[in-house]
Amino acid sequence: VDLNATGTTAGAEGIDGGTITADSSVFLNANSISIGSIDTGGSLSANASGGNVAIEEANARSGIGIFAQGNITGSYAGGADIYLSAGGDIIASASAIGEGSSSSGTPTAAGLYVDADGDVVLTNSEASGMFGVNAGGSVTLNGGTAGEDMLVLAGTTADLSSITVGDDLNIRAPGAITVAG
């Protein structure tokens, strides 16, 4: 599935719909994107060049890449790496669980990489590999698991609760850093 909406007139500036189901990959490109659910047997790529990406529930057998000039909201689950990048805030949950195997036959770890110019709020998010968050504003992680390292770079404050990390935890913020259970 490949959808490209080039309009910028009010009411015609994006992709808006209920459900997308595909055996192969899904590619969405528009000023803004709002979808109820996406289930793809391949990868998912969504690019909102002038606004927000809101996908209530996205499931991809492979990786997920979500890029928005505005905010990103929703729930994202992928069998490979997940990238969320926003010019605004990110309020989401994400689960990057490695699938398949490398050439040596060992399972592949999947990473979760989140980058926002504004605030980041992640709930019940996980990565079987690396878990990285970079925010121009605050970072709030409520329930997070990293199979390997977790790196949190906050522009203001960082508030983490119910976090499990397989190896190293590195949190940097010029303001308060709070870590609980």
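This text goes with the structure placed above it.
Conventions and cut-offs
- Residues numbered from 1 in each chain as written.
- Predicted model: local features only at pLDDT ≥ 70, side-chain atom pairs only at ≥ 80, totals over all residues.
- Heavy atoms only, no water.
- Pairing = 2+ DSSP bridges.
- Helix = DSSP H or I, 4+ residues; strand = E, 2+ residues; numbered from the N terminus.
- Axes fitted to C-alpha atoms, helices over the stretch in contact; angles between N-to-C directions.
- Buried < 20%, exposed > 50% of the residue type's maximum accessible area, 1.4 Å probe, protein only.
- Contact = heavy atoms within 4.5 Å.

(A) Quick peek at the sheet that holds strand E4 (residues 32–40). Reading across from one edge, E2-E4-E6-E8-E10-E12-E14-E16-E18 is the order of the 9 strands in this open sheet, with parallel pairing throughout. The open sheet terminates on both sides in strands that have one partner only, identified here as strand E2 (14–22) and strand E18 (177–180). Each neighbouring strand pair of the sheet contributes to a mean axis angle of 10 degrees, computed without reference to strand direction. Pairing of strand E12 (residues 120–127) with strand E14 (residues 139–146) involves 7 bridges; the strand directions are parallel. Considered in E14, the bridge of Val120 is made with Val139.

(B) Broad picture of the environment of Gly42. Looking at the secondary structure, you find Gly42 in the loop between E4 and strand E5 (44–48). Exposure remark for Gly42: the relative accessible area of 10% places this residue in the buried category. In contact with Gly42, other than residues within four places in its own chain, are Asp23, Ser24, Ser25, Ala60, Arg61 and Ser62.

(C) Structural context of the sheet that holds strand E1 (residues 2–4). Taken in spatial order, the 9 strands make up an open sheet running E1-E3-E5-E7-E9-E11-E13-E15-E17, and their pairing is parallel. A single partner strand is all that each edge strand has here, and the edge strands are E1 and strand E17 (169–172). The sheet shows a mean angle of 0 degrees between the axes of neighbouring strands, direction not considered. Bridge analysis of strand E11 (residues 112–116) against strand E13 (residues 131–135) gives 5 bridges, and the strand direction is parallel. Paired with Val114 across the two strands is Val133, which belongs to E13.

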